[in-house]
Amino acid sequence: MRIIMVKILLLVGNYLPGFKSGGALRSTVNMVERLGDEFEFWIITSDRDIGDTSGYSGVNKNKWNIVGKAKVFYLSPADSTISNISKIINSTEHDILYLNSFFNPVFTIYPLIARRLNKLPNKPVIVATRGEFAKGALSIKKWKKIIYITFSNALRLYKKVFWQASSEFEAIDIRRVMKSYSPQVHVAPNIPKYLNLNHLSSDIMVKKNENLLKICFLGRIAPVKNLDYALKVLSNLDLPINFDIYGPKEDKKYWALCSEIIDLLPKSIDVNYMGPIENEGVNNMFCKYDLFFLPTKGENFGHVILESMSAGTPILIADTTPWRNLEEHGVGWDISLSSPNEFQTAIEKMFQLDEKEYLKMRNSVRNYAEKVTNDVSILNQSKELFLNSLGRGNV
């Protein structure tokens, strides 16, 4: 008997071959690669990476392309209209419409307006907020977001949608923001990349330099990632530190603010901006550092955090992500942003580790990442999300 696969039509702001947009892209890629043999994924996305003025080379625009286990439709800005997106959705057979943002105007708001106007087929709709409802994230461009939330509530754009939360923390955020809908929230953690130890750099046992601590930051240069906070923490340390910054300059004004802080840092803190890095090079990059420092204001998952741990690199993050109680597991620290002194103390502890303690910690970090990444229950929760939205019960 032929098995009929569930067809998921997924809209996301950016997809492969892009790499600058971070979490939503990585979540989508990992989901397709790990569930693509059981579900059929059709993806509508932009024809260019975040911040780019020209489209990708080597892809067919405004038509379907085969990319890995998915079929992908790349839209140019000129063709990213409500009417055109509605036409593509209507002409593409699917069982579920899956939207990977709350605030994205083109790939979420346009389809929901068309749906409200009865211009789309009556199919289940899943909305993944991707950390956008975290208090820190909502505080950025706060009034624009409040106005849209008020507008969307008035129009009932999110009536009878299914909500995906990547953790219980995000589920609480969704219920708080969308309380007028009594939202139906399903917790399905973002799917991590499968960690195959044979295909990753085996050099996690980096020799510790007793006279220099090598720290990296990887993320979009934007207020939500909180680079300025990291720099202010470093400014109060009297240690020899090499701090390398990776990521696209998404917000030029914010980068200018960070540059001003960099200019005032002590001479013992050497800061270098390394630019964006493609996904294939991330693991090898992390292997070169003693610590990954990301005091983000909010992450619904934080793929980059797991990437660091996969390389055996300890992490220092804010307690604004699902990654909690890290010190208990011996893999790093998750600290409140209201306690900058504790961030400084963590960095000092990392600097003071002797060679034996340092290598033991890197090994613990890698083992923790392997345990989390290869947990099949994470895959099952996403399967349940899709099947429950169709009314088919659990897997």
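Residues numbered from 1 in each chain as written. Predicted model: local features only at pLDDT ≥ 70, side-chain atom pairs only at ≥ 80, totals over all residues. Heavy atoms only, no water.

(A) Broad picture of the sheet that holds strand S5 (residues 96-99). The strand order across the open sheet built from 8 strands is S3-S4-S2-S1-S5-S6-S7-S8, with neighbouring strands paired in mixed fashion. For this open sheet the edge positions go to strand S3 (64-67) and strand S8 (184-187), each flanked by a neighbour on one side alone. With strand direction ignored, the average angle separating the axes of adjacent strands in the sheet is 25°. Strand direction decides the pairing type here: strand S1 (residues 6-11) and strand S2 (residues 39-46), joined by 6 bridges, are parallel. Note that in S2 the partner of isoleucine 8 across the bridge is phenylalanine 41. Strand contacts of helix H6 (residues 168-177): strand S7 (162-165) and S8, with the helix running at about 140° to S7, the strand carrying the most contacts. Most of the contacts of helix H14 (residues 376-389) go to S8, to which it runs at about 155°, and overall it touches S1, S2, S5, strand S6 (125-128), S7 and S8. (Pairing = 2+ DSSP bridges. Helix = DSSP H or I, 4+ residues; strand = E, 2+ residues; numbered from the N terminus. Axes fitted to C-alpha atoms, helices over the stretch in contact; angles between N-to-C directions. Contact = heavy atoms within 4.5 Å.)

(B) Spatial organisation of the nonpolar core. Ranked by internal contacts, the top residues of the largest apolar core, which has 63 residues, are Leu227, Ile241, Phe243, Met309, Trp323 and Ile347. Leave out the neighbours within four places in its chain, and isoleucine 241 touches Leu212, Leu213, Ile215, Leu234, Ser268, Ile269, Asp270 and Ile347. Counting 36 residues, the second largest nonpolar core, distinct from the first, contains Trp42, Leu99, Ile174 and Tyr181. (Core = buried A, V, L, I, M, F, W, Y, C linked by side-chain atoms within 4.5 Å. Buried < 20%, exposed > 50% of the residue type's maximum accessible area, 1.4 Å probe, protein only.)

(C) Main features of the packing of aromatic side chains. Per the stated rule, a full pass over the model turns up 22 aromatic pairs. With centroids separated by 5.0 Å and ring planes inclined at 85°, the aromatic side chains of tryptophan 42 and tryptophan 64 adopt a geometry described as edge-to-face. With tryptophan 42 in strand S2 and tryptophan 64 in strand S3, this residue pair connects regions lying 22 residues apart in the sequence. According to the relative accessible area criterion, tryptophan 64 is partly exposed, its value standing at 28%. Arranged with centres 5.0 Å apart and planes meeting at 45°, the rings of tryptophan 255 and tyrosine 273 form a pair that is tilted. Taken together, the positions of tryptophan 255 in helix H8 (residues 252-263) and tyrosine 273 in strand S11 (residues 269-275) put the pair 18 residues apart, joining distant regions of the chain. An aromatic cluster is defined as three or more aromatic residues linked by ring pairs; in this entry it consists of Phe102, Phe103, Phe133, Tyr148, Phe151, Tyr158 and Trp163. Taking the ring centre of phenylalanine 103 as reference, the NZ or CZ of lysine 145 above it sits at 5.5 Å. Residue placement shows lysine 208 over the ring face of phenylalanine 351; its charged tip is 5.6 Å from the ring centre. (Phe/Tyr/Trp six-rings, centres within 6.5 Å; stacked < 30°, edge-to-face > 60°. Lys NZ or Arg CZ within 6 Å of the ring centre and 35° of its normal.)

(D) Up close: the packing of helix H10 (residues 303-310) against helix H13 (residues 355-373). Taken N-terminus to C-terminus, the directions of H10 and H13 make an angle of 130°; their axes are 7 Å apart at the nearest point. One finds that H10 runs oblique with respect to H13. The residues of H13 that touch H10, namely those facing Leu306, Met309 and Ser310, are Val365, Arg366, Tyr368, Ala369 and Thr373. Within the contact of H10 with H13, the residues separate by chemical class into 5 nonpolar, 2 polar and 1 charged. (Parallel < 35°, antiparallel > 145°, perpendicular 65-115°, else oblique. Nonpolar A, V, L, I, M, F, W, Y, C, P; charged D, E, K, R; others polar.)

(E) Up close: the pairing of strand S13 (residues 315-318). Residue alternation in S13 divides its side chains into two sets, Ile315 and Ile317 and Leu316 and Ala318, and both sets are buried. Across 3 bridges, the pairing between strand S12 (residues 291-294) and S13 is parallel. Bridging across to S13, phenylalanine 292 finds its partner in isoleucine 315. Sheet topology places S13 next to strand S14 (residues 332-335); 4 bridges connect them, and they run parallel. Following the sheet pairing, leucine 316 is matched in S14 by tryptophan 333.

(F) The arrangement of the packing of helix H1 (residues 23-35) against H14 in detail. Two elements in contact, H1 and H14, have axes separated by 11 Å at closest approach and are oriented at 90°. In this view, H1 runs roughly perpendicular relative to H14, as classed from their interaxial angle. Contact with H1, carried on its side by Met31, Arg34 and Leu35, involves Leu379, Ser382, Lys383 and Phe386 of H14 and no other residues of that element. Of the residues in the contact of H1 with H14, the class split is 4 nonpolar, 1 polar and 2 charged.

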